[in-house]
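Structure at a glance
Chain by chain, the residues:
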Amino acid sequence: MSVKPIITLGDPRLRLKGEPVDSFGKYLSELLDDLTHTMRAAPGVGLAAPQLGVALQACVVEVEGQLHELVNPRIVRTNGDDHDLEGCLSIPGYVAYVTRRDQVWVVAQNRHGRKIKVNGKGLLSRALQHELDHLDGKLYIDYLDSMDDLIPVNAMHDGEGATEEELATLA
């Protein structure tokens, strides 16, 4: 397990679509461990394999001390809307208001290939949607009307006094 460099905006690998995982062995376990270690070191609340330059359908999300390792995830149900700040480890120093679904139900596989289900609300819902977007080569800035909607994080610290949770960087 090691901290890997996170790919940032401008690197074409960030737009790679993850291929389905069909081998649940040592390589996948090491990838999930690296994703977790890198996410925690950043720090962030999620990280997807394409952000490390690996085009596989694998990501991790950790909210309120609960780590979710998701392989071949898909959203099967959603509910409500939530408009809140979102950031990304691949777009450091910026956040923006993005509308997401307030609650999502995700079906995935774990590192051993067993089916798992995750029901996320609030920040967990936002993080799950954010990471699953990465697996499709999509970034949160794709939801913005203009790049002018990006807010520099230092401007928020200086001006509005945003809380740490509001500035929580997804991935």
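Residues numbered from 1 in each chain as written. Predicted model: local features only at pLDDT ≥ 70, side-chain atom pairs only at ≥ 80, totals over all residues. Heavy atoms only, no water.

Okay, the side chain of Glu69 next. Within the secondary structure layout, Glu69 lies in strand β3 (residues 66-87). In this structure the side chain of Glu69 is engaged in a polar contact, spanning 2.6 Å, whose partner is the side chain of Arg111. Apart from residues no more than four positions distant in its own chain, Glu69 is found in contact with Leu32, Thr36, Cys59, Val60, Gln109, Asn110, Arg111 and Ile116. (Helix = DSSP H or I, 4+ residues; strand = E, 2+ residues; numbered from the N terminus. Polar contact = N/O pair within 3.5 Å; in protein donor to acceptor, adjacent residues only side chain to side chain. Contact = heavy atoms within 4.5 Å.)

It is worth spelling out helix α1 (residues 26-41) at this point. The terminal C-alpha atoms of α1 lie 22 Å apart, and with 16 residues this matches the ideal 22 Å at 1.5 Å per residue to within 8%. Next to the buried residues of α1 lie β1 (46-48), β2 (58-63) and β3. (Expected span 1.5 Å × (residues − 1).)

Here we take up the confidence of the model for the chain. Overall, the predicted model of the chain reaches an average pLDDT of 92, with 91% of residues at or above 70. Counting interchain partners and residues more than four positions distant, the pLDDT-below-50 stretch residues 159-164 has four contacts. (pLDDT = per-residue confidence, 0-100.)

Turning to the pattern of salt bridges, a few remarks are in order. On inspection of all chains with the given rule, the structure shows 13 salt bridges. Among the salt bridges present, the one from Asp11 reaches Arg13, with a minimum N-O distance of 2.7 Å. Using a relative accessible area of 22% as the deciding quantity, one classes Asp11 as partly exposed. Three or more residues are tied together by salt bridges with common partners; here these are Asp82, Glu86, Arg100, Arg126 and Asp133. (Salt bridge = Lys/Arg side-chain N within 4 Å of Asp/Glu carboxyl O. Buried < 20%, exposed > 50% of the residue type's maximum accessible area, 1.4 Å probe, protein only.)

Moving on: unusual backbone geometry. With an omega of -15°, the peptide bond between Ala42 and Pro43 qualifies as cis. If you trace the backbone, Pro43 turns up in the loop between α1 and β1. Look at Glu64: it is not a glycine, yet its phi comes out positive at around 50°. Structurally, Glu64 can be placed in the loop between β2 and β3. Look at Asn72: it is not a glycine, yet its phi comes out positive at around 55°. Mapped onto the elements, Asn72 comes out in strand β3. A relative accessible area of 19% means that Asn72 is categorised as buried.

Here we take up the side chain of Arg111. Structurally, Arg111 is set in the loop between β4 (94-109) and β5 (115-121). Relative accessible area serves as the criterion here: at 15%, Arg111 is assigned to the buried category. Among the polar contacts listed, one links the side chain of Arg111 to the side chain of Ser29, at a separation of 3.4 Å. Polar side-chain contacts of Arg111 include one of 2.7 Å to the side chain of Asp33.

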